[in-house]
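The chain contents come next:
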Amino acid sequence: MNRLISKDPVYHILKLLQEQGAPNFRQTGMDERDLAVALKHIVEAGYIDSSGSGVTQAGLDYITGYERRSNDSRD
């Protein structure tokens, strides 16, 4: 799955938020500019709450859907 995570920064960021609440975003392995673009997309899509610290149901659905697709691709 590491190969798939590197292809979807939105998933990676959401997963870090889900697991750690407020992770150190240096863990994403992204440069500042790419991270800003990904975060903008995440906020606009409603994947995190208004405070930016919690994953919404839409974000959880994104995570679940991505993991399901990645598991299906292994089969």
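Residues numbered from 1 in each chain as written. Predicted model: local features only at pLDDT ≥ 70, side-chain atom pairs only at ≥ 80, totals over all residues. Heavy atoms only, no water.

**Focus: the packing of helix 2 (residues 9–20) against helix 3 (residues 32–45)**
Each pair of packed helices can be summarised by the angle the axes make with each other and by the distance between the axes.
(1) Moving on: With their axes 10 Å apart at the nearest point, helix 2 and helix 3 run at an angle of 75 degrees to one another. In terms of orientation, helix 2 and helix 3 fall into the roughly perpendicular class. Of the residues in helix 3, those touching helix 2 at Val10, Ile13 and Leu14 are Leu35, Ala38, Leu39, His41 and Ile42.
(2) Moving on: Classifying every residue of the contact of helix 2 with helix 3 by side-chain character gives 7 nonpolar, 1 polar and no charged. (Axes fitted to C-alpha atoms, helices over the stretch in contact; angles between N-to-C directions. Helix = DSSP H or I, 4+ residues; strand = E, 2+ residues; numbered from the N terminus. Parallel < 35°, antiparallel > 145°, perpendicular 65-115°, else oblique. Contact = heavy atoms within 4.5 Å. Nonpolar A, V, L, I, M, F, W, Y, C, P; charged D, E, K, R; others polar.)

**Quick look at the confidence of the model for the protein chain**
(1) Moving on: Of all residues in the protein chain, 81% have pLDDT values of 70 or greater, and the mean over the chain is 81.
(2) Moving on: Ranking the elements of the protein chain by mean pLDDT puts helix 1 (residues 2–7) last, at 51, and helix 4 (residues 57–74) first, at 90.
(3) Moving on: Here residues 1–5 is a poorly scored stretch, pLDDT under 50, and it has 9 contacts once near neighbours within four places are set aside; other chains count. (pLDDT = per-residue confidence, 0-100.)

**Describing the nonpolar core**
Looking at soluble globular proteins, one finds that nonpolar side chains tend to be buried together.
(1) Moving on: Within the largest apolar cluster, 12 residues are counted, these being Val10, Tyr11, Ile13, Leu14, Leu17, Leu35, Ala38, Ile42, Tyr47, Ile48, Ile63 and Tyr66.
(2) Moving on: For this core, the secondary structure elements donating two or more residues are helix 2, helix 3 and helix 4.
(3) Moving on: The biggest single contributor to this core is helix 2, with 5 residues.
(4) Moving on: If near-sequence neighbours (up to four positions away) are discounted, Ile48 is found in contact with Leu14, Leu17, Ile42, Val43, Gly54, Val55 and Thr56. (Core = buried A, V, L, I, M, F, W, Y, C linked by side-chain atoms within 4.5 Å. Buried < 20%, exposed > 50% of the residue type's maximum accessible area, 1.4 Å probe, protein only.)

**Points about the environment of Ile42**
(1) Moving on: You can see Ile42 is positioned in helix 3.
(2) Moving on: Along the sequence, Ile42 and Leu14 sit 28 residues apart, while their C-alpha atoms lie 8.2 Å from each other.
(3) Moving on: Every residue in contact with Ile42, bar those within four places of it in the chain, is listed here: Val10, Ile13, Leu14, Tyr47 and Ile48.

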